[in-house]
Amino acid sequence: MHPILRPALFPLLLFAAVAWGDGPATFPLVAVEDGDTITIQVGQEVKRLQLSGIDAPEDVANPKLSKDMERTGLSAETLLKLGQAATDHLKGLVSENDPVSVTGDLSASDRYGRIPVQAHAGGRSLNAAMVADGYAVVLGRAALETAERQQLETLQEAAQNERRGLWGAQREAALSWSGQQPAN
C-alpha cells in the first residue's frame, strides 16, 4: 500500500474493528448529553452513545420525562432535578476531549438513535460507575450477559444501602422514578 494512503485508511479500519466487535477502541469525548448518553468523535462523525444496560433520569423535557411523570406522579421539576444530578455526576467522571474506550457495534442504534456501548474512561467503566455511585439503575429489559447484570445489580444494591448519589438526599423521588424497592 502506498505510504500516503495508510493514514487516511486508519480511521476507517478503526471504525470497522469496533463496528464488528473486535474489542474496544478509543475516541475523544465530544460531550456528556445526559446521565446515560455521551457523544464521541469517530473520524469526521459525531456518534451518540448510550451507556448500555443502565438508565438515568431525564434532565430535559421530552416524551420519556412525560411518561416518567405519569408513571410516578412526580413533578417535572423533581424529575429534572434527579436528571441534572445524574448528568452532573457523569460530567465529573469524564470531560470533553478525554479519551473514551468503547466496546460495541457502532453501526447499531436504539430507538432514540443512540448506539449502546460499554464505555471506559480513566480506567473505570462509566456504565458501572453511574450505577455504583447511585446515579443510574440497571435496565431490566437490557440485553446483558448474566455476569454483567449480576455485577450491576450488586453495585446498585450497595449504592442504595449506602445511600449514595440519588439514593441519599433524594431517596424517595429516586425510588419512585426507578420503580425500585428500598434495598434495606
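### Things to note about helix H2 (residues 63-72)
Listed as buried for H2 are Lys64, Leu65, Asp68 and Thr72. Looking straight down H2, one finds that the buried residues subtend no more than 100 degrees of arc, so they occupy a single side. Facing away from the buried side of H2 by more than 90 degrees, the exposed set consists of Pro63, Lys67 and Glu70. On its buried side, H2 packs onto strand E4 (54-55), helix H3 (76-93) and helix H6 (171-178). Two or three places before Lys64, at the start of H2, stands the capping residue Asn62, its side-chain oxygen 3.0 Å from that residue's backbone nitrogen. Count one or two residues on from H2 and you reach Gly73, which has phi positive near 80 degrees.

### Points about the packing of H3 against H6
Where H3 contacts H6, the two axes come as close as 10 Å, and the packing angle between them is 95 degrees. Overall, the two elements H3 and H6 adopt an arrangement that is roughly perpendicular. Along the contact surface, H3 presents Thr78, Leu79 and Leu82, while H6 presents Ala173, Ala174 and Trp177. In the contact of H3 with H6, the residues fall into five nonpolar, one polar and no charged.

### Describing the pairing of strand E6 (residues 115-121)
Counting buried positions over the seven residues of E6 gives five, a clear majority of the element. Of the strand pairs in this sheet, strand E3 (residues 45-51) and E6 are connected by three bridges, and their pairing is parallel. Counted as the bridge partner of Leu51 is Val117 from E6. As paired strands, strand E5 (residues 99-103) and E6 are joined by three bridges and run antiparallel to one another. When the bridges of E6 are listed, Val102 appears paired with Ala119.

### Quick word on the pairing of strand E2 (residues 37-42)
Of all six residues in E2, five are buried, a share of seventy percent or more. Pairing between strand E1 (residues 25-34) and E2: four bridges, direction antiparallel. Looking at E2, one finds that Ala31 is bridged to Thr39. The turn linking E1 back onto E2 is made up of two residues.

### Structural notes on the side chain of Gln156
Inspection of the secondary structure assignment puts Gln156 in helix H5 (residues 146-161). With near-sequence residues (within four places) excluded, Gln156 lies in contact with Val131, Ala136, Val137, Val138 and Gln180.

### Section: the environment of Pro28
Relative to the assigned elements, Pro28 resides in strand E1. Pro28 sits 67 residues away from Ser95 along the chain, and the two C-alpha atoms are 9.5 Å apart.

Rules used in this analysis
Residues numbered from 1 in each chain as written. Predicted model: local features only at pLDDT ≥ 70, side-chain atom pairs only at ≥ 80, totals over all residues. Heavy atoms only, no water. Buried < 20%, exposed > 50% of the residue type's maximum accessible area, 1.4 Å probe, protein only. Helix = DSSP H or I, 4+ residues; strand = E, 2+ residues; numbered from the N terminus. Arc of directions from axis to C-beta. Contact = heavy atoms within 4.5 Å. Polar contact = N/O pair within 3.5 Å; in protein donor to acceptor, adjacent residues only side chain to side chain. Axes fitted to C-alpha atoms, helices over the stretch in contact; angles between N-to-C directions. Parallel < 35°, antiparallel > 145°, perpendicular 65-115°, else oblique. Nonpolar A, V, L, I, M, F, W, Y, C, P; charged D, E, K, R; others polar. Pairing = 2+ DSSP bridges.

Treat this as a map of the structure, not an account of what it does.
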